[in-house]
Amino acid sequence: MATQHSKTAARWMISPAVIMLLAWMIIPLSLTLYFSFLRYNLLMPGTNPFVGFENYEYFFTDPGFQAALINTILLVVGVLIITVVGGIAFAILLDQPIKGQGIVRILVIAPFFVMPTVSALVWKNMFMNPVSGIFGHMAKSIGLAPFDFLSQAPLASIIGIVSWQWLPFATLILLTAMQSLDQEQLEAAEMDGASWWSRFWYIMLPHLSRAITVVILIQTIFLLSIFAEILVTTNGGPGTASTNLTYLIYAQSLLQYDVGLGSAGGVVAIILANIVAIFLMRMIGKNLDA
Amino acid sequence: MGQIILDQVTKSFGDVNVIPPLDLAIEDGEFTVFVGPSGCGKSTLLRLIAGLEDTTSGHIRIDGRDATELPPSKRGLAMVFQSYALYPHMTVRKNIAFPMKMAGVDKAEQKKRIDNAARALNLTDYLDRRPGQLSGGQRQRVAIGRAIVREPAAFLFDEPLSNLDAALRVGMRLEIGELHNRLKTTMIYVTHDQVEAMTMADKIVVLRAGVIEQVGSPLELYKKPRNVFVASFIGSPKMNLIEGATAAEHGATTIGVRPEHISVSPTEGMWKGRIGVAEHLGSDTFFHVHDTGLADMITIRAGGEIDLHHGDTVYLTPTPDKIHRFDQQGLRVA
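Residues numbered from 1 in each chain as written. Chains lettered and ligands numbered in written order. Predicted model: local features only at pLDDT ≥ 70, side-chain atom pairs only at ≥ 80, totals over all residues. Heavy atoms only, no water.

1. Some details on the overall build of chain B
Condition: The way it works is that DSSP assigns letters per residue, a run of H or I at least four long becomes a helix, a run of E at least two long becomes a strand, and they are numbered from the N terminus. Classification of residues uses two cut-offs on accessible area relative to the type maximum, computed with a 1.4 Å probe and protein chains only: under 20% is buried, over 50% is exposed, and between them is partly exposed. Contacts are assigned to residue pairs with any non-hydrogen atoms lying within 4.5 Å of each other. In short, Shrake-Rupley with a 1.4 Å probe defines the accessible areas, and a residue's cover is counted only from the protein chains shown.
Counting secondary structure elements, chain B contains nine helices and 18 strands. Seen through its C-alpha atoms, chain B measures out along the principal axes to roughly 75 × 45 × 30 Å. Looking at chain B as a whole, 51% of its 334 residues qualify as buried. Considering only intrachain contacts with a sequence separation of at least 6, the fraction spanning at least 24 residues in chain B is 63%. Per element, the accessible surface of chain B, about 15100 Å² overall, is 49% carbon and sulfur.

2. A word on the packing of helix 2 (residues 92-103) of chain B against helix 3 (residues 107-120) of chain B
Residues and elements named next belong to chain B. For clarity, the threshold we go by: Only the stretch in contact is used when a helix axis is fitted, and all axes are lines through C-alpha atoms; the angle between N-to-C directions ranges over 0 to 180 degrees. The labels follow the angle: roughly parallel below 35 degrees, roughly antiparallel above 145, roughly perpendicular from 65 to 115, and oblique for the rest. Rotating anticlockwise by less than a right angle from the far helix to the near helix defines a left-handed crossing, while the corresponding clockwise rotation defines a right-handed one. For this classification, Asp, Glu, Lys and Arg are treated as charged, while Ala, Val, Leu, Ile, Met, Phe, Trp, Tyr, Cys and Pro are nonpolar and the rest, including Gly, are polar.
The contact between helix 2 and helix 3 brings their axes to 10 Å, and the two run at 130 degrees. Between helix 2 and helix 3, the angle is such that the two are oblique. Crossing of helix 2 over helix 3 shows right-handed handedness. For the pair helix 2 and helix 3, contact is made by Arg93, Ile96, Ala97, Met100 and Lys101 and by Gln110, Arg113 and Ile114, respectively. Among the residues making up the contact of helix 2 with helix 3, the classes are represented as four nonpolar, one polar and three charged.

3. Quick look at helix 5 (residues 116-128) of chain A
Residue and element names in this part refer to chain A. The condition that has to hold: Throughout, the arc means the angular range of directions from the helix axis out to the C-beta atoms.
Of all the residues in helix 5, the buried ones are Ser119, Ala120, Trp123 and Met128. One side of helix 5 carries all its buried residues, which in axial view fall inside an arc of 100 degrees. As for helix 5, its buried residues are in contact with helix 6 (134-141), helix 7 (149-152), helix 8 (154-179) and helix 11 (228-233).

4. Some details on the pairing of strand 8 (residues 186-191) of chain B
Residues and elements named next belong to chain B. Put simply, the test is: Pairing between strands is defined by DSSP: at least two bridges between the two strands are required.
Summarising burial for strand 8: six of the six residues are buried, a large majority. Residues of strand 8 alternate between two faces, with Thr186, Ile188 and Val190 on one and Met187, Tyr189 and Thr191 on the opposite face, all of them buried. With five bridges joining them, strand 3 (residues 31-35) and strand 8 adopt parallel strand pairing. The residue of strand 8 that forms the bridge with Val35 is Thr191.

5. Thoughts on the pairing of strand 6 (residues 77-80) of chain B
All names here are of chain B. What you see with strand 6 is no split at all: Leu77 and Met79 on one side and Ala78 and Val80 on the other are buried throughout. Direction of pairing for strand 6 relative to strand 7 (residues 154-158): parallel, over a ladder of four bridges. Note that in strand 7 the partner of Leu77 across the bridge is Ala154.

6. Points about the domain arrangement of chain B
Size of an interface: often given as the accessible area lost when the parts come together. Residue and element names in this part refer to chain B. In plain terms, the rule: Where each domain begins and ends is defined by an automated method or by a domain database. The buried area of a pairing is the accessible area, by a 1.4 Å probe, that goes missing from both parts when the two are put together, added over both. Throughout this description, a polar contact denotes any pair of N or O atoms lying within 3.5 Å of each other; where both atoms belong to protein, one of them has to be capable of donating a hydrogen while the other can accept it, and for residues adjacent in sequence the pair is counted only when both atoms sit in side chains.
Segmenting chain B into domains produces domain 1 (4-230) and domain 2 (238-326). The C-alpha-based centres of domain 1 and domain 2 are spaced at 38 Å. Each side of the interface is counted separately: domain 1 has six residues, and domain 2 has seven residues. When domain 1 packs against domain 2, close to 520 Å² is buried across both sides, 63% of that on carbon and sulfur atoms. The tally of links from domain 1 across to domain 2 stands at two residue pairs in polar contact (both at pLDDT 80 or more). Grouping the constituent residues of the side of domain 1 that touches domain 2 by class yields four nonpolar, one polar and one charged.

7. Quick look at the sheet that holds strand 15 (residues 284-290) of chain B
Residue and element names in this part refer to chain B. Read from one edge of the open sheet, five strands run 13-17-14-15-16, paired in antiparallel fashion. Of all the strands in the sheet, the pair left with one neighbour each is strand 13 (262-265) and strand 16 (298-303). On average, adjacent strands in this sheet sit at an angle of 45 degrees to one another, irrespective of strand direction. Pairing between strand 14 (residues 271-280) and strand 17 (residues 313-318): four bridges, direction antiparallel. Along strand 17, the bridge assignment pairs Gly273 with Val314.

Next up, the structure:
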C-alpha cells in the first residue's frame, strides 16, 4: 500500500543514492565547465583569471581540431561498417551446425577479452611493424616492400585494430538474434521459392534489424571515446593524421599542461556526443519500440 | 494436377532409421491425412515430400516427374506450417504476395490473386495489418492464403490446427474442408488428432514408427482395422480390447469391440460389471465399467437419456457382428 506517508519515506530512503549519483556527475561536470572559462595552465601557477570563451576560441581554431573531428567521424563510421557487416557474416557462419562449434565460438569472442592497450601493442609490434611484423614478412616473402601501416595509413590501421576488437561484440549480439529466428520462417520462404540471397534480404536482415540497432547504439558510445589504441600505436600522428577528439583533448590538456583548454575541449566533446546520441536515438531508436 | 508417388522412400538421421522403405500413392485431388502418435514420422514424411528433408534413398514422383532431387521451390507444392511461419515484419498483403514476388509474377496479376484469396478467406479488412496484430485463426488463414496464391499442385499441411483453441479448430476444419471441395487440389494433411483425420480425409494413412499400418477411407479404417494398433487409434472413445478366455471363445487372441457396439442393461446381458465414471454429454453418455473380469475397464457409449449412475451394477452385451478379431501378431482375422 503506497500511502502518502510511505511515499515520503521512500523518497527519504532513496535520496542518498540519488544525491550520490548526482554529485558524482554534477561536480566533475561543473568543475570542467568552470575550468573551461579560466586561464589555467600548470606551467604558470598562481593566478587563474577568468577569460570567458577564450579557451573555446583556441580549441576551435586549433589546427588539429578540424582534422580531429573528421578523424573521429571516420573512425566511428568505419568501425561500425566493418563490425556490422562482418558481424552479420560471422553470425550467419557460426549459426551453421559445424564440428567443434563451442570452441569456434569461444575463439571468435576471444578478442573482446583482450585489453585495448595490449591488443594495440600486439598489432603494432607483431603484425604491422614493417621489420618484425608478420605482414612485413609476408610482403617480403613474395618479393614486395613491406608496408609501414602505422605511418603510411595510420587512421585505416587504427580502424582495423578497433574493428578487430569490436567484431566479437557485434557477432555475439547478432548471433543470439540469429538463433532466435524461427526456422520454419526460413523453410516457408524456401518453399515460396526464395533464393538464399532473398531469404537473407527479406527474412534474416529484417529479423536482425533490432539487434543491429543495439550494436550501432552501444558501439557508437564507446567508439567516440577511443583513446588507448591511438596512444600506444601512433600517438595521434603522423601530424594529426590519427588524432581524434579524445586524443586532441589529452594532447592539449596533459601534454601542454593547459587545464583550461583541455576542459573546454571536454565540454565540446560532451556537446558533440550528445548531439550524436540525440540523432541516433531519433533515427534508429524507433526500431527499439514495440 | 497433383499426383504424388513415393517409391521405396527411406530416411535416416545418422544411424537412426526414421522411415524404413515406404511406398505410397496419392491421387490427384485427394485429401490425404497422415495420422499417428507423436514421433511416428508423419511430419518427416511430409517434409520429405516438400523437399525440406533429403531422402536417404528411394524416389518421389510428382505428376510422373522424378522430384527426388528437386529443391522445394521447384516441386510446385505449398506448405502451411504448424507455427504459420508468417513473416512478422511484412503486412498480410506482402506476406501473401511474397511467393509471387519470388516467382516474378507481374503486379496486376499479383493484386488480382491477392484480392481473390483475401475474399475467399475473409481477410480483405486485414490486408494492411501485420501478423502480430491478428488472432490465431486469422494468422492461419493468412498462411493458407500465402499457399493458395501460388496455385500449387498440392497443399501440404503440417498440424495446422494444433495451436488453435477447440472452437476455432472445428471452424477451421470446416473451412479447410470447403477449400478442398472448391479447389479440388491434392491436399496432404498431417495430424495426431484422429478426429481431424476422420472428419476431413478422403484417404487416411495411419503411421507408426515410420511404417504405414493401414491406408484407407475413414469408414474402411473404422469398420475393418487391419491390426490392433489401427483399431485402437481410430475411433473415439477408443475400442475396447479384450484378451484371454473371452477372446479364445471367439477363436482369437484379442477381440475388439467399439464402445458404441455394446448395449447396456441394468437387468440382463453377457457380461456383468459395475459403473465407475459416467460422463453425461447430453447427446451421449460414456460409461467406464469396471470389475467385468475382461479388461481393466470397458468403455460404453449409450444414449443421452439413460438413467444409470456411478456404482450401479450393469450387464453388457456386444453386438455379435461388430466384434473385431485379431490373431497373435495383432493382425485382423477376417
